[in-house]
Amino acid sequence: MKNTLVVREDGKLIKVVQKRGHLFVCAHGCCCGKTERDFAPVPEELYHHEWERRRLRNKVHLTFSACLGPCSLANVALLIFDGTTTWFHSLNTAEQILALYEYIEKRLLGDAPLPKDLQECVFDGFSPAEVDTSLLPLAD
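Only a predicted model underlies this, so the values are computations on that prediction, with no experimental measurement involved. (Residues numbered from 1 in each chain as written. Predicted model: local features only at pLDDT ≥ 70, side-chain atom pairs only at ≥ 80, totals over all residues. Heavy atoms only, no water.)

Visitor: Pulling in residues and values, what's your account of the sheet that holds strand β4 (residues 60–65)?
Guide: Pairing within the open sheet is mixed, and its five strands lie in the order β4-β3-β5-β6-β7. The sheet is open, and its two borders are formed by β4 and β7 (122–123), each paired with just one other strand. Here strand β3 (residues 21–26) pairs with strand β5 (residues 77–81) via five bridges, running antiparallel. The partner of Gly21 across the bridge, within β5, is Phe81. Seen against the sheet, helix α1 (residues 44–53) touches β3 and β4 and runs at an angle of roughly 165° to β4. Sitting on the sheet, helix α2 (residues 94–109) touches β3, β4, β5 and β6 (84–88), and the angle it makes with β5 is about 5°. (Pairing = 2+ DSSP bridges. Helix = DSSP H or I, 4+ residues; strand = E, 2+ residues; numbered from the N terminus. Contact = heavy atoms within 4.5 Å. Axes fitted to C-alpha atoms, helices over the stretch in contact; angles between N-to-C directions.)

Visitor: How would you explain a nonpolar patch on the surface if you had to name every residue and give the values?
Guide: A surface patch of nonpolar side chains, about 320 Å² in accessible area, is lined by Leu5, Val7 and Leu13. As for its placement among the helices and strands, Val7 is situated in strand β1 (residues 2–7). (Patch = residues over 30% accessible without salt bridge, like charges linked within 9 Å, V, L, I, M, F, W, Y side chains within 5 Å. Areas by Shrake-Rupley, 256 points an atom, 1.4 Å probe, with all protein chains shown as cover. Salt bridge = Lys/Arg side-chain N within 4 Å of Asp/Glu carboxyl O.)

Visitor: Just give me the short version of the pairing of β6, but keep the residues and values in it.
Guide: As paired strands, β5 and β6 are joined by five bridges and run antiparallel to one another. From the neighbouring strand, Phe81 faces β6, where its bridge partner is Thr84. Between β5 and the antiparallel strand that follows it, β6, lie two residues; Asp82 among them carries a positive phi value of about 45°. As defined by bridge partners, β6 adjoins β7 across two bridges and the pair is classed as antiparallel. If you follow Trp87 over to β7, its bridge partner there is Phe123.

Visitor: Can you tell me about the nonpolar core, naming the residues and giving the values?
Guide: Membership of the largest hydrophobic core comes to 28 residues, with the highest contact counts inside it found for Leu23, Tyr47, Phe88, Leu91, Leu100, Tyr101 and Ile104. Listed by contribution, the elements that provide at least two residues to this core are β3, α1, β4, β5 and α2. Among the elements that line this core, the one with the most residues is α2, at seven residues. When sequence neighbours within four positions are dropped, the list of residues in contact with Tyr101 reads Leu23, Tyr47, Glu50, Trp51, Arg54, Leu56 and Leu62. (Core = buried A, V, L, I, M, F, W, Y, C linked by side-chain atoms within 4.5 Å. Buried < 20%, exposed > 50% of the residue type's maximum accessible area, 1.4 Å probe, protein only.)

These figures capture arrangement, not role.
Given below as structure tokens:
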């Protein structure tokens, strides 16, 4: 695990653990988990329990968020891992969520293919764009 030092506005030096990934789960939006609108519930407890049980805190951050869009898909999650993004829709079952965490654990150990049962849940959330290289750090 790498760390970086950041100076806050108040001058205090803070050590920030650089994580390999971040899992965003839409759970508080306009459609995700809204059973009254005929969408499947979002099992926040299962997401959090598995994240804790697998001791991912300093490797992959977990955030429950409001709308990630698109609302017509519902129960959306976004995994950012080693600089790549993977969007998932319709993560409605415990089996899918466990498969997602198993995939994350395998990615932490090396390159791993996405399980077949999750492949049908993947969609493109962003249109391709050129990278603004002016924002990248200069090479030594």
